[in-house]
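Structure assessment
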2 protein chains.
Amino acid sequence: MQNFSLNPIGIIKTPYLDNAPYQPVDTDEQEFYLQLKPDYVAGLKDLDSFTYIYALYFIDRLNAAPKMEVAPPWAAGQQVGLFASRSPLRPNPIGLSVVRVKEIKGNRVYTSGLDVFDNTPLLDIKPYINDLDSKCDANNGWVQNVDDDEHLALHIQGIPHDY
Amino acid sequence: MQNFSLNPIGIIKTPYLDNAPYQPVDTDEQEFYLQLKPDYVAGLKDLDSFTYIYALYFIDRLNAAPKMEVAPPWAAGQQVGLFASRSPLRPNPIGLSVVRVKEIKGNRVYTSGLDVFDNTPLLDIKPYINDLDSKCDANNGWVQNVDDDEHLALHIQGIPHDY
């Protein structure tokens with residue numbers, strides 16, 4: 001099968017220079033933004049009419065081969081299939097995050113928290129459309145069977161906690 | 001900025017040989033499935049514990065350059081920014097669909113409807129995790145201002161209608 005190449009449309013700016021949380025913590029600061037190359041700025045028109053957007057990015061700071069079974073760090077040793085996980089070590093390391101749009105100024109889209117390293121290559125932005133993307137009957141899959149699932153939920157949602 | 005290359009993990013099988021609907025129609029038939037290459041089948045473990053998954057794919061049957069403003073076919077001539085649309089003509093033509101998991105058998109993940117051509121290259125599968133991805137307060141952005149938004153909602157949700 002054919003290979004395909006991708007060309008970033010910009011970068012993602014975050015405070016995470018050397019390590020990123022499993023899931024981001026949102027703040028009132030404008031610390032997280034998508035910064036587009038000039039050629040693509042016109043494509044942002046009307047994006048601020050959406051509450052949420054998808055950011056797609058290339059997870060470029062990996063140095064290991066993907067394994068088909070993984071043990072997520074917060075899952076108490078449980079082994080699950082790679083495609084049943086959000087592990088960044090994937091055959092095609094495309095990251096996907098749903099973020100809130102705070103403000104768009106020039107070539108910057110300020111968002112809620114993103115769990116990626118600073119300067120991560122941005123591949124695409126898509127509107128998160130309620131009628132298409134919001135599945136209120138979705139479950140949490142195997143995650144909901146983890147023993148300490150309330151603790152886990154704090155990690156997943158990026159809620160600070162000290163236990 | 002660097003370029004990146006991608007290598008499909010499989011293909012998407014659909015009934016759409018020559019044209020695809022804007023949004024798919026779900027049926028009881030097992031007409032839609034993700035077919036993985038043998039090396040990746042072990043990565044499907046536990047995927048069937050999720051109600052919904054994301055399919056990421058390469059939109060490979062395009063023959064035009066992306067424009068930064070687009071007029072979606074069902075939007076009564078309204079021009080919006082490319083990144084505020086789900087147009088397939090994007091700088092990085094990565095398609096993203098939320099689909100229901102019906103059944104997993106061997107290297108096949110049977111799903112609800114997918115609006116892509118048969119044999120579309122599959123790049124990734126991720127679990128759609130309620131706590132992370134379901135935003136019940138999301139809006140429909142500029143889409144909700146389209147005049148005939150009830151008609152439009154039928155298109156977006158892929159509900160068959162004859163008017």
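Quick note: structure is the one above.
Residues numbered from 1 in each chain as written. Chains lettered and ligands numbered in written order. Predicted model: local features only at pLDDT ≥ 70, side-chain atom pairs only at ≥ 80, totals over all residues.

1. Observations concerning the interface of chain A and chain B
Taken together, the 62 residues of chain A in the interface contact 62 residues of chain B. When residues of the side of chain A that touches chain B are traced back to their parent elements, those giving at least two are strand 1 (4-6), strand 4 (52-58), strand 6 (80-81), strand 7 (94-105), strand 9 (120-127), helix 1 (130-133) and helix 2 (149-157) of chain A. Sorting elements by how many residues they give to the side of chain A that touches chain B places strand 9 of chain A first, with six residues. Alignment of strand 1 of chain A against strand 1 (residues 4-6) of chain B, held across three bridges, turns out to be antiparallel. Counterpart to Phe-4 of chain A in the pairing with strand 1 of chain B is Leu-6 of chain B. (Contact = placed C-beta atoms within 7 Å. Helix = DSSP H or I, 4+ residues; strand = E, 2+ residues; numbered from the N terminus. Pairing = 2+ DSSP bridges.)

2. Quick word on the sheet that holds strand 7 of chain A
Each strand in a sheet pairs with its neighbour through backbone hydrogen bonds, running either in the same direction (parallel) or in the opposite one (antiparallel). All names here are of chain A. Taken in spatial order, the six strands line up as 2-3-8-7-4-9 and close into a barrel, and their pairing is antiparallel. With strand direction ignored, the average angle separating the axes of adjacent strands in the sheet is 45°. Pairing geometry for strand 2 (residues 10-13) and strand 9, over three bridges, is antiparallel. Residue pairing across strands places Ile-12 opposite Thr-120, the latter belonging to strand 9. (Axes fitted to C-alpha atoms, helices over the stretch in contact; angles between N-to-C directions.)

3. Comments concerning the sheet that holds strand 2 (residues 10-13) of chain B
Residues and elements named next belong to chain B. In space, the six strands of this closed barrel follow the order 2-3-8-7-4-9, with antiparallel pairing throughout. Each neighbouring strand pair of the sheet contributes to a mean axis angle of 45°, computed without reference to strand direction. Where strand 4 (residues 52-58) meets strand 7 (residues 94-105), seven bridges bridge the pair, whose relative direction is antiparallel. Bridge pairing links Tyr-54 to Val-98 in strand 7.

4. Structural notes on the environment of Asn-140 of chain A
If you trace the backbone, Asn-140 of chain A turns up in the loop between helix 1 and helix 2. Each C-alpha atom, one on Asn-140 of chain A and one on Thr-14 of chain A, is 27 Å from the other, the two residues being 126 residues apart in sequence. Apart from residues no more than four positions distant in its own chain, Asn-140 of chain A is found in contact with Ile-129, Asn-130 and Asp-131 of chain B.

5. Structural notes on the relation of the copies chain A and chain B
Taken as rigid bodies, chain A and chain B are interconverted by a rotation of 180° and an axial shift of 0.0 Å, the fit giving an RMSD of 0.0 Å. Between the two chains, the operation in question is that of a two-fold axis. Within chain A, Ser-5 of chain A has its C-alpha nearest the rotation axis, a separation of 2.1 Å. The residues that chain A uses at the interface reappear at the interface of chain B in 100% of cases, marking a shared surface. (Least-squares fit on C-alpha atoms with pLDDT ≥ 70 in both.)

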